[in-house]
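# Fold and geometry: a report
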Amino acid sequence: MAISAADTPTPSDRAQTRRAIWNTIRGSSGNLVEWYDVYVYTVFAMYFEKQFFDETDENSTVYVYAIFAVTFITRPLGSWFFGRFADRHGRRAALIVSVALMAACSMVIALVPSRTSIGMAAPIVLILCRLVQGFATGGEYGTSATYMSEAATRERRGFFSSFQYVTLVGGHVLAQFTLLIILTVFDNEQVHEFGWRIAFAVGGVAAIVVYWLRRTMDES
């Protein structure tokens, strides 16, 4: 069946395209930072392991990665919660809350004293922060995908929406790149002692920047 000119959608003008680009940047930048915060844990796990668990314990590596695993429990809960939250209060509000939680937890992990200073409180704080970050990540994933598809121009909806996955993988690449830079600047002992904290602090600061950017993005 032939498509008439009346059925063809009007192409978006330059102003609409620019707005869609900026909204995509604001929406996807948070996705990038949140997935950086997810992956930076596994990238630097071997360096901070002894800061939270007894170095004489042969199972310390299992404990560290088990903490990463339990975050998958809270991800679907976060997706469910933020999905409902976004429908009731708007996509922008949901994305702002999500990245704020991620920023707060990354900064706490970067600053929490080691096990030698506060005992078992150190791994407990780590577990709680990672559970909250898993919750925030679950909310970020679905809400950012929805936001970018809604904020995109009609004729480039697939293209703009693709940055949701581009920034997901980009978060992993950025975490690996951060490790490369830190290993270039500090020796192995320094990375074990404090260098890993810099990586989490970078994620926290970046999330704060995204929080500020998202406050100005359009509601879809």
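Owing to the predicted nature of the structure, the values given are computational and were not obtained by experimental measurement.

A word on the overall build of the protein chain. When helices and strands are counted, the protein chain shows eight helices and zero strands. Listing every helix and strand of the protein chain by position from the N terminus yields α-α-α-α-α-α-α-α. If one aligns the C-alpha atoms of the protein chain with their principal axes, the spans along those axes are about 75 × 35 × 35 Å. When the 220 residues of the protein chain are sorted by exposure, 43% land in the buried category. Long-range pairs, those at least 24 residues apart, make up 80% of the contacts in the protein chain with a sequence separation of at least 6. Summing over all exposed atoms, the protein chain offers an accessible surface of approximately 11,500 Å²; the carbon and sulfur share of this is 65%. Across the protein chain, the 18 positively charged side chains and the 18 negatively charged ones have centroids separated by 12 Å.

Counted by the stated rule, this structure contains 19 aromatic pairs. Between Phe44 and Tyr47 the ring centres are 6.1 Å apart and the planes differ by 55 degrees, which places this aromatic pair in the tilted class. Of this pair, Phe44 and Tyr47 both sit in helix H1 (residues 14-52), separated by three residues, roughly a single helical turn. Judged by relative accessible area, Tyr47 falls into the buried class, the value being 7%. Relative to Phe85, the ring of Phe82 lies with its centre 6.3 Å away and its plane at 65 degrees, an arrangement referred to as edge-to-face. Taken together, the positions of Phe82 and Phe85, both in helix H2 (residues 60-89) and three residues apart, correspond to about one turn of that helix.

With that settled, the discussion passes to the environment of Gly158. Along the chain, Gly158 falls in helix H6 (residues 157-161). Since its relative accessible area comes to 56%, Gly158 is described here as exposed. When the C-alpha atoms of Gly158 and Val43 are compared, they prove to be 31 Å apart, with 115 residues separating the residues in sequence.

It is worth spelling out the side chain of Ser29 at this point. Looking at where Ser29 falls in the secondary structure, it is placed in helix H1. Judged by relative accessible area, which is 15%, Ser29 ranks as buried. Not counting residues up to four positions away in its chain, the partners in contact with Ser29 are Thr24, Val210 and Leu213.

The next thing to look at is helix H7 (residues 163-185). Helix length check: H7, at 23 residues, gives a terminal C-alpha distance of 31 Å against a target of 33 Å (1.5 Å per residue), a fit within 8%. Every buried residue belonging to H7 is among Gln164, Thr167, Leu168, Gly171, Ala175, Thr178, Leu179 and Ile182, and all of these are buried. Check the buried side of H7 and you find it contacts H1, helix H5 (121-151), H6 and helix H8 (188-214).

Turning to the environment of Gly27, a few remarks are in order. By secondary structure assignment, the location of Gly27 is in helix H1. Owing to a relative accessible area of 0%, Gly27 belongs among the buried residues under this scheme. The spatial distance from the C-alpha of Gly27 to the C-alpha of Asp57 is 42 Å, given a sequence separation of 30 residues.

All right, on to the packing of H1 against helix H3 (residues 91-111) then. Interhelical geometry of H1 versus H3 gives an angle of 35 degrees and a closest axis separation of 10 Å. Of the two elements, H1 crosses H3, and the hand of that crossing is left-handed. Facing H1, whose interface residues are Glu34, Asp37 and Val38, H3 presents Ser98, Val99, Met102 and Ser106.

On to a nonpolar patch on the surface. Taken together, Leu174, Phe177, Leu180, Ile181 and Val185 make up a surface patch of nonpolar side chains, about 460 Å² in accessible area. Of note, Leu174 is situated in helix H7.

Counting 33 residues, the largest nonpolar core has Tyr41, Phe44, Phe48, Phe52, Trp196 and Phe200 as its most contacted members. For this core, the elements supplying multiple residues, two or more each, are H1, H2, H3, H5, H7 and H8. Considering every element that reaches this core, the biggest residue donor is H1, with 12 residues. Residue contacts for Phe52: discarding those within four places in its chain leaves Val112, Arg115, Ala122, Pro123, Leu126 and Trp196. In terms of nonpolar packing, the next biggest core, distinct from the first, is built from five residues, Val33, Val99, Ala103 and Val210 among them.

Procedures and definitions
- Residues numbered from 1 in each chain as written.
- Predicted model: local features only at pLDDT ≥ 70, side-chain atom pairs only at ≥ 80, totals over all residues.
- Heavy atoms only, no water.
- Helix = DSSP H or I, 4+ residues; strand = E, 2+ residues; numbered from the N terminus.
- Buried < 20%, exposed > 50% of the residue type's maximum accessible area, 1.4 Å probe, protein only.
- Contact = heavy atoms within 4.5 Å.
- Areas by Shrake-Rupley, 256 points an atom, 1.4 Å probe, with all protein chains shown as cover.
- Lys, Arg positive; Asp, Glu negative; His and termini not counted.
- Charge placed at Lys NZ, Arg CZ, Asp CG, Glu CD.
- Phe/Tyr/Trp six-rings, centres within 6.5 Å; stacked < 30°, edge-to-face > 60°.
- Expected span 1.5 Å × (residues − 1).
- Axes fitted to C-alpha atoms, helices over the stretch in contact; angles between N-to-C directions.
- Left-handed = near helix turned anticlockwise from the far one by under 90°.
- Patch = residues over 30% accessible without salt bridge, like charges linked within 9 Å, V, L, I, M, F, W, Y side chains within 5 Å.
- Salt bridge = Lys/Arg side-chain N within 4 Å of Asp/Glu carboxyl O.
- Core = buried A, V, L, I, M, F, W, Y, C linked by side-chain atoms within 4.5 Å.

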